[in-house]
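# Descriptive analysis of the structure
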Amino acid sequence: QTQLAVVGVVSGRAVADVAKRVGIPDLVYMGNHGMEHWQDGQAIVAPEIAEFRPNIRSAIESLTPRLMEGMFIEDKQTTISIHFRKAPFPDIIEKDFFPLIQRIAEENDLDAFAGRMIFEIRPRVNVNKGVAFQHIVETFDLDAAMFIGDDITDVDAFRMAKRLHDSDDCYSLAVGVESSAT
């Protein structure tokens, strides 16, 4: 019987949400694209990321009155997700609303990202799913690892898996799951 050294879940969701949804003890849970991790039943956020909370609040205040029908903001404390899956014209929102998201993010010293039927605003730090994947590999001194993802925000982890593989630091693979689901 093969036993894995570690199984980790790296998600754009808040880490508490991920830990609750998956609910398997002894996994490594990282949420908000690696900006937080689950430890002893609570979310741990690095101080340099937590410092952005006032910026996040300010961006929410700027965005809220500008939302269109079918849009809503999910405040994940460390990041913001602006969902538009239920909007009447999501294609138009995806194209026309993102410049506003970028402007509000910039005004608040934050970064904006477009995902699948979602916009995200995150602290301006060098943390993403690729950095989170690398952190797991290094923390557990893994000589082999695999990342499986299905969203645009997983590309950073795919690139990191390739970088680790090419550098011979870790035999790593990335598997992208294609989906027509929105």
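Scroll up to find the structure.
The rules behind each value
Residues numbered from 1 in each chain as written. Predicted model: local features only at pLDDT ≥ 70, side-chain atom pairs only at ≥ 80, totals over all residues. Heavy atoms only, no water. Helix = DSSP H or I, 4+ residues; strand = E, 2+ residues; numbered from the N terminus. Rg over C-alpha atoms; globule rule 2.2 N^0.38 Å. Buried < 20%, exposed > 50% of the residue type's maximum accessible area, 1.4 Å probe, protein only. Contact = heavy atoms within 4.5 Å. Areas by Shrake-Rupley, 256 points an atom, 1.4 Å probe, with all protein chains shown as cover. Lys, Arg positive; Asp, Glu negative; His and termini not counted. Charge placed at Lys NZ, Arg CZ, Asp CG, Glu CD. Core = buried A, V, L, I, M, F, W, Y, C linked by side-chain atoms within 4.5 Å. Phe/Tyr/Trp six-rings, centres within 6.5 Å; stacked < 30°, edge-to-face > 60°. Lys NZ or Arg CZ within 6 Å of the ring centre and 35° of its normal. Polar contact = N/O pair within 3.5 Å; in protein donor to acceptor, adjacent residues only side chain to side chain. Pairing = 2+ DSSP bridges. Axes fitted to C-alpha atoms, helices over the stretch in contact; angles between N-to-C directions.

Let us look at the overall build of the protein chain. In terms of helices and strands, the protein chain carries seven helices and ten strands. In terms of overall dimensions, the protein chain is globule-like: its C-alpha atoms have a radius of gyration of 17 Å, near the 16 Å expected for 182 residues. Seen through its C-alpha atoms, the protein chain measures out along the principal axes to roughly 55 × 35 × 30 Å. A burial count over the protein chain gives 41% of its 182 residues as buried. Put simply, of all contacts in the protein chain between residues at least 6 apart along the chain, 52% involve residues at least 24 apart. As displayed, the protein chain has an accessible area near 10500 Å², and 51% of this comes from carbon and sulfur atoms. A gap of 6 Å separates the mean positions of the 18 positive and 29 negative side-chain charges of the protein chain.

On to the nonpolar core, then. Of all hydrophobic cores here, the largest spans 22 residues; its most connected members are Leu 63, Ile 80, Ile 82, Phe 97, Ile 101, Phe 119 and Ile 121. Elements supplying a minimum of two residues to this core: helix H3 (53–63), strand E6 (80–83), helix H5 (98–107) and strand E8 (118–123). Val 6, Ala 132, Val 137 and Ala 157 belong to the second-largest nonpolar core, a separate cluster that totals 16 residues.

Counted according to the given criterion, the structure contains five aromatic pairs. Between the aromatic rings of Phe 133 and Phe 147, the centroid separation amounts to 5.6 Å while the plane-to-plane angle is 80°, which identifies the pairing as edge-to-face. With Phe 133 in helix H6 (residues 129–139) and Phe 147 in strand E9 (residues 144–149), this pair connects stretches of sequence that are 14 residues apart. Accessibility classification places Phe 133 together with Phe 147 in one group, the buried group. With a relative accessible area of 5%, Phe 147 lands in the buried category. Among the aromatic residues, ring-to-ring pairing joins Phe 84, Phe 97, Phe 98 and Phe 119 into one connected group. Here the basic side chain of Arg 122 rests over the ring of Phe 113, its NZ or CZ set 3.8 Å away from the ring centre.

Among all positions of H6, only Lys 129, Gly 130, Ala 132, Phe 133, Gln 134, Ile 136 and Val 137 are buried. If you follow the buried residues of H6, they end up packed against strand E1 (8–10), strand E2 (28–31), E9, helix H7 (155–166) and strand E10 (171–176). In this structure Asn 128 caps H6, since a side-chain oxygen of it lies 2.8 Å from the backbone nitrogen of Gly 130.

The subject of this paragraph is the sheet that holds strand E7 (residues 110–115). Strand order in this open sheet of four strands is E5-E6-E8-E7, and the pairing throughout is antiparallel. Only two strands of the sheet have a single partner each, and these edge strands are strand E5 (72–75) and E7. Strand after strand, the sheet turns through a mean of 20° between neighbouring axes, direction not considered. Judged from the four bridges that link them, E5 and E6 form a sheet pairing that is antiparallel. Within E6, the position partnered with Asp 75 by the bridge is Ile 80. In the packing of H5 onto the sheet, the strands contacted are E6, E7 and E8, and the crossing angle to E7 comes to about 155°.

Time to look at the pairing of E7. In terms of strand pairing, E7 meets E8 through six bridges, oriented antiparallel. Among the inter-strand pairings, Asp 111 is bridged to a residue of E8, identified as Arg 122. Hairpin connection from E7 to E8: two residues lie between these consecutive antiparallel strands, with Met 117 at a positive phi of about 65°.

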